[in-house]
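Fold and geometry: a report
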Amino acid sequence: MTEELNPSTPEEEEQQIKPRKNGLYPGVSDELADNMASGWADTELRDLEPIGQAAHTADRRAALSARFPGERLVIPSGNLKTRSNDTEYSFRASTEYAYLTGDQSEDGVLVLEPTADGHRATIYLLPRSNRENGEFWLSGQGELWVGRRHSLTEAESLLGIPAKDVRELAAALGEATGPVRAVRGHDAGIETALTDKVTAERDEELRVYLSEARAVKDAFEIAELQKACDSTARGFEDVVKVLDKAEATSERYIEGTFFLRARVEGNDVGYGSICAAGPHATTLHWVRNDGQVRSGDLLLLDAGVETNELYTADITRTLPINGRYSELQRKIYDAVYDAQEAGIAAVRPGAKFRDFHDASQHVLAERLVEWGLLEGPVERVLELGLQRRWTLHGTGHMLGMDVHDCAAARTEAYVDGTLEPGMCLTVEPGLYFQADDLTVPEEYRGIGVRIEDDILVTEDGNRNLSESLPRQADEVEAWMASLKS
């Protein structure tokens, strides 16, 4: 990685650009500055068509405007975060900002200014790098270093929103009057400019609204989620094909294999992949992925591709590393499969969100009593939650741009709410017998099984967006054999 001459922030670009401490060049001669400022072709992009979701983002902004009439609304994209010294983590725009604009630029801010009949939306962005003052090649975030940005005119054409220079926004907000709401936690500079204009209560209401607004997906979102599931299924196939290489190395080979598919077909993984082999499968969020992969053990792979429009899948399969479940592994796997079948069957419009969880937990409690691990009756087990020693987690969650989508929604609108067509959720029961659990027979210890699919609520029931990946034990074994033949 090369070292830029001198990084600068947007606020500094109108100031004289100073050389980097310990840089190899002490400065810039007038002759070089003049040379670098001229001789560049016009690269403005013209006749651009709006992005595919522009009409949908306009509808979302209209709904937001109707919910908060007469108030200024400020939704930032966020800033780059330092990874180490002068290197940054890959940027991922805030979900609220991307949902309302379709844009994914760092430092962007969407502002809805109140008008007599609604709001006027403006998107504030960094413009193209300044070539006259050398910012484009001397700044660490200049386009020569990090790549071309869209001009403000281009952004307007693509997003369907008037665009202005974000470097002017903080001052404008400082002078603003009237009630303001902002999405917090993404842009400290914007929050500072609004310090005396916002309240925690108003801002939380905005955050909650934007969380609940995403519960019912539109046609564009459903297509993106299907795309994410299809790519994820191909990523699982990739993993099965290289399990022999994972056995020779570690869980990291599995993680890297899936990541390749995510980057080729999407933006990234939607969350840290869980590539848990053997007893690691009993750790719910095992993301270290540095353990051994052994024939005869199970691999719990929980992973999802995030599309280029930031919608993620969330799928889990528990696979026999050697291609065949042992008798005990299959017994535990079948219990989880039956629990998932009961849960999926409970997903339909008009059902309570909790119904699929209750249905799955009932099946698992029945099996634990049947196996002698818990004393019945099953109703007593469920009332006291005794099955939770081995089932541990809830059976699913909303899914969308965040893997745990709609997380800020009101409880009465989420877990105590009712399912509607267009909602998308996971159904993911599991059984986990810890390696040091002395309350179960020794042969159970170190076995963890989870099966997870992404389920869309439809007008007449549900659709499994991840149904292309086999779930039933015999089908899993046949699928694995076909990929290795």
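Residues numbered from 1 in each chain as written. Predicted model: local features only at pLDDT ≥ 70, side-chain atom pairs only at ≥ 80, totals over all residues. Heavy atoms only, no water.

What the protein chain contains, in helices and strands, is 17 helices and 17 strands. When its C-alpha atoms are laid out on the principal axes, the protein chain stretches across 80 × 55 × 40 Å. Across the protein chain, the fraction of contacts at a sequence separation of at least 24, relative to all contacts at a separation of at least 6, is 69%. A gap of 2 Å separates the mean positions of the 51 positive and 87 negative side-chain charges of the protein chain. (Helix = DSSP H or I, 4+ residues; strand = E, 2+ residues; numbered from the N terminus. Contact = heavy atoms within 4.5 Å. Lys, Arg positive; Asp, Glu negative; His and termini not counted. Charge placed at Lys NZ, Arg CZ, Asp CG, Glu CD.)

Enumeration according to the criterion identifies 33 salt bridges in this entry. In this structure, the salt-bridge partner of glutamate 143 is arginine 128, at a minimum N-O distance of 2.9 Å. Residue glutamate 143 is located in helix H5 (residues 143-146), and its partner arginine 128 is located in the loop between strand E5 (118-125) and helix H4 (135-138); the two are separated by 15 residues in the primary sequence. Several salt bridges converge on common partners, so that one network encompasses Arg214, Lys217, Asp402 and Asp405. (Salt bridge = Lys/Arg side-chain N within 4 Å of Asp/Glu carboxyl O.)

Now for helix H13 (residues 327-345). Between its first and last C-alpha, H13 extends 27 Å over 19 residues, near the 27 Å set by a 1.5 Å rise per residue. For H13, the complete set of buried residues consists of Leu328, Gln329, Ile332, Tyr333, Ala335, Val336, Tyr337, Ala339, Gln340, Gly343 and Ile344. (Expected span 1.5 Å × (residues − 1). Buried < 20%, exposed > 50% of the residue type's maximum accessible area, 1.4 Å probe, protein only.)

Judged by nonpolar contacts, the single largest core of 90 residues is most densely connected at Leu64, Ile75, Ile254, Ile332, Trp371, Leu431 and Phe433. The element best represented in this core is helix H10 (residues 219-241), accounting for nine residues. Beyond its immediate sequence surroundings of up to four residues, isoleucine 75 is in contact with Leu64, Glu96, Tyr97, Leu100, Val109, Leu110, Val183 and Leu210. Counting residues in hydrophobic clusters, the runner-up holds 17 residues, among them Phe356, Ala409, Val427 and Val457. (Core = buried A, V, L, I, M, F, W, Y, C linked by side-chain atoms within 4.5 Å.)

This part is about the side chain of arginine 181. Turning to its location among the elements, arginine 181 is positioned in strand E7 (residues 180-182). A residue is classified by how much of its surface remains accessible, and arginine 181, at 7% relative accessible area, is buried. Of note is the side chain of arginine 181, whose polar atom sits 2.7 Å from the backbone oxygen of arginine 202. Excluding anything up to four places from it in sequence, arginine 181 contacts Phe68, Glu71, Arg72, Leu73, Val74, Arg202, Asp203, Glu205 and Leu206. (Polar contact = N/O pair within 3.5 Å; in protein donor to acceptor, adjacent residues only side chain to side chain.)

The next thing to look at is the UniProt feature "domain: Aminopeptidase P N-terminal" (unreviewed entry) in the protein chain. Mapped onto this numbering, the UniProt entry gives "domain: Aminopeptidase P N-terminal" (unreviewed entry) at residues 51-191. For the annotated span residues 51-191, helix accounts for 33% and strand for 22% of the residues, and the straight-line distance between the end C-alpha atoms is 29 Å. (UniProt positions renumbered as here; feature names shortened; annotations may be inferred.)

Turning to the sheet that holds strand E9 (residues 274-277), a few remarks are in order. An order of E9-E10-E12 is seen for the three strands of this open sheet, with the pairing classed as antiparallel. Of all strands in the sheet, those with a lone pairing partner are E9 and strand E12 (315-320), marking the two edges. For this sheet, the mean inter-axis angle between neighbouring strands, taken without regard to orientation, is 10 degrees. Pairing geometry for E9 and strand E10 (residues 298-303), over four bridges, is antiparallel. Looking across to E10, one finds that alanine 276 is bridged to leucine 300. Against the sheet, helix H12 (residues 251-265) contacts E9 and E10, and its axis sits at roughly 150 degrees relative to E9. (Pairing = 2+ DSSP bridges. Axes fitted to C-alpha atoms, helices over the stretch in contact; angles between N-to-C directions.)

Taken residue by residue, the protein chain gives an average pLDDT of 95. The fraction at 70 or more is 96%. In this model, residues 3-15 is a region of pLDDT below 50 whose contacts with residues beyond four sequence positions or in other chains number 36 contacts. (pLDDT = per-residue confidence, 0-100.)

Where H10 contacts helix H17 (residues 473-484), the two axes come as close as 9 Å, and the packing angle between them is 70 degrees. In terms of orientation, H10 lies roughly perpendicular with respect to H17. By crossing handedness, the relation of H10 to H17 is classed as right-handed. Taken together, the residues of H17 that come into contact with H10 (itself represented by Phe236, Glu237, Val240 and Lys241) are Trp479, Met480, Leu483 and Lys484. When its residues are assigned to classes, the contact of H10 with H17 shows five nonpolar, no polar and three charged. (Parallel < 35°, antiparallel > 145°, perpendicular 65-115°, else oblique. Left-handed = near helix turned anticlockwise from the far one by under 90°. Nonpolar A, V, L, I, M, F, W, Y, C, P; charged D, E, K, R; others polar.)

With the exception of glycine, the majority of residues adopt a negative phi angle, and the majority of peptide bonds are in the trans configuration. Residue glycine 376 is joined to proline 377 through a cis peptide bond whose omega torsion reads 5 degrees. By the element assignment, proline 377 lies in the loop between helix H14 (355-370) and helix H15 (378-384). The phi dihedral of asparagine 22 is positive, around 70 degrees, even though this residue is not glycine. With respect to the helices and strands, the residue asparagine 22 is situated in the segment before helix H1 (30-36). When its relative accessible area of 67% is taken as the criterion, asparagine 22 is described as exposed. Phi at leucine 310 is positive, roughly 75 degrees, even though this residue is not glycine. Note on placement: leucine 310 falls in the loop between strand E11 (305-306) and E12.

Our next topic: the pairing of E12. With respect to burial, E12 is a largely interior element, six of its six residues being buried. Covered by surrounding structure in E12 are Ile315, Arg317 and Leu319 together with Thr316, Thr318 and Pro320, the residues of both alternating faces. As paired strands, E10 and E12 are joined by six bridges and run antiparallel to one another. Residue pairing for E12: leucine 298 is matched across the bridge by proline 320.

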